[in-house]
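# Close look at the chain arrangement
Take a look at the letters that make up each chain.
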Amino acid sequence: MPAPRALPGGEPEGAVSDREDDGVLVGGRDRVPLSGRDRVPLSGRDRVPLILDVDTGIDDALALLYACASPEADLVAVTCLSGNAVARDVQRNTRAILELAGRGDVEVAVGREVPLVRALEITPETHGPHGIGYADLPEPRAPLSTRFAPDLIVAEARRRPGEITLVTLGPLTNLAIAVLMEPRLPHLLRRWIAMGGAFRVPGNTTPTTEWNIHCDPEAAKMALAAWQAAIVADPGVPRAVLLGLDVTERARMWPEDVAALAARAGTDNPIVRFVDDALRWYFEFHARYDGFHGAFVHDPLVTAVALDPGLARLESVAVDVDASGGLADGQTIADWRGHWGRSPNADVAVEVDSVEFLRRLVERMGDLAASRGG
Ligand code: BDR
Ligand code: CA
């Protein structure tokens, strides 16, 4: 079926009755991407209270900078876990990056340092020996929070029911523990949006599996089951929003983008230097394994969509995770044809406006860097 033609406002002509939730369009397969639609300034709610759950990580680092650079982001806290690097490096990187961005005031907490049942795996060949490529940041001054990350997530969600957007950019261990502690978490969050999975594309860690899910498939399965149960009990509960490799591998940064950043803020600038040093490693990794001298920037894309859902087109579907230990271990399985007869528990991204996203990433990080001086 040919895709419907986009109307000037971004709405496709003759679209079937798709649901619009909180700025996210969900529905028919042939919807066009929403380019332009959410460039309309946010009104009313204006700022989005965010908790980022990270395994920093080069692209997690860019996501943190993007959040710090975005006026509509109200960064409530950042929670950390092992993934790209061990939790000790992840929390240190995270605090150092927040300080670099002038946000040393943001609470940073660590959760469980190993997956629920699997052995810990990290990926220094992708993200460098300590998670931030060739970059080296000063020891952060702000102390680490004394709160346990899943406790923090639950406490903030209970304190502000229906307000917090939780953005998970690493394995789902912290979230799984949080839903064990508070099964009503899906009711209490405004939205959970995750970088995770590979739906209609191959995996980046095994033939069928994406890294964040691969690291802790049991946790991913538990989190998605919690959303499933909550939605069955109350169909008004917002579905999980999942951005897998299908869309995040469309968001690529290139050396020219780093040059554009430097042109905005100057080369003798701490943020530009950090981005350059971190991305140089990531570019080399992608040149070696993916055949292009650039980098997929998964996590800032997901953060951008959390702040502006109009950057993505989503389809609602029931999603589960294979944690059987077999060939497809860690695969995110989406039941596109409804074989299981389950209610959809997720809205899976099938299109993103990667051009607009990249423009914003360079512009916002560049302006932040310029404001932080040389
Ligand atoms: C995900 O895995 C990590 O390497 C990245 O930070 C991203 O969150 C992509 O598969
Ligand atoms: Ca990550």
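For the structure given in this document, a descriptive report is provided here. (Residues numbered from 1 in each chain as written. Chains lettered and ligands numbered in written order. Predicted model: local features only at pLDDT ≥ 70, side-chain atom pairs only at ≥ 80, totals over all residues.)

### Quick notes on the overall build of the chain
Looking only at helices and strands, one finds 13 helices and 14 strands in the chain. Burial status across the chain gives 54% buried among its 374 residues. Summarising the internal contacts of the chain: among those between residues at least 6 apart in sequence, 80% fall at separations of at least 24. (Helix = DSSP H or I, 4+ residues; strand = E, 2+ residues; numbered from the N terminus. Buried ≥ 20, exposed ≤ 12 C-beta atoms within 10 Å, placed from the backbone. Contact = placed C-beta atoms within 7 Å.)

### Focus on the environment of Arg112
Relative to the helices and strands, Arg112 resides in the loop between β5 (107-110) and α3 (124-127). Look at Arg112 and you get partly exposed, because 19 C-beta atoms sit within 10 Å. Sequence separation between Arg112 and Ala87 is 25 residues, and the spatial gap between their C-alpha atoms is 8.3 Å. Other than its neighbours up to four places away in sequence, Arg112 contacts Leu81, Thr173, Asn174 and Ile177.

### Digging into the site of ligand 1
Not every one of the 14 residues close to ligand 1 is listed here, only the nearest: Gly57, Asp59, Met195, Trp211 and His298. Those elements giving two or more residues to the shell around ligand 1 turn out to be α1 (58-69), α7 (211-215) and α12 (298-307). When the residues that make up the shell around ligand 1 are grouped by side-chain class, the tally is 3 nonpolar, 7 polar and 4 charged. (Near = placed C-beta within 6 Å. Nonpolar A, V, L, I, M, F, W, Y, C, P; charged D, E, K, R; others polar.)

### Regarding the environment of Asp136
Its location among the elements puts Asp136 in the loop between α3 and α4 (149-159). Of the residues examined, Asp136 has 12 C-beta atoms within 10 Å and is grouped as exposed. Separated by 43 residues in sequence, Asp136 and Asn93 place their C-alpha atoms 9.2 Å apart.

### Focus on the packing of helix α5 (residues 173-181) against helix α8 (residues 217-233)
Where α5 contacts α8, the axes come no closer than 8 Å and their chain directions differ by 45 degrees. As judged from the angle between their axes, α5 and α8 are oblique. Crossing angle aside, the handedness with which α5 passes α8 is left-handed. The residues of α8 that touch α5, namely those facing Thr173, Leu175, Ala176 and Val179, are Ala219, Met222, Ala223 and Ala226. (Axes fitted to C-alpha atoms, helices over the stretch in contact; angles between N-to-C directions. Parallel < 35°, antiparallel > 145°, perpendicular 65-115°, else oblique. Left-handed = near helix turned anticlockwise from the far one by under 90°.)

### Brief notes about the nonpolar core
Leu64, Leu65, Ala223 and Met365 are the most contacted members of the largest nonpolar core, which totals 120 residues. With residues near it in sequence (within four places) discarded, Leu65 still touches Ile97, Ala101, Ile271, Met365 and Leu368. (Core = buried A, V, L, I, M, F, W, Y, C linked by C-beta atoms within 7 Å.)

### Looking at the packing of α1 against helix α13 (residues 354-372)
Where α1 meets α13, the closest approach of the two axes is 9 Å, and the angle between their N-to-C directions is 75 degrees. Classified by the interaxial angle, the pair formed by α1 and α13 is roughly perpendicular. Here α1 contributes Leu65, Tyr66, Cys68 and Ala69 to the contact with α13, which in turn contributes Leu361, Arg364, Met365, Asp367 and Leu368.

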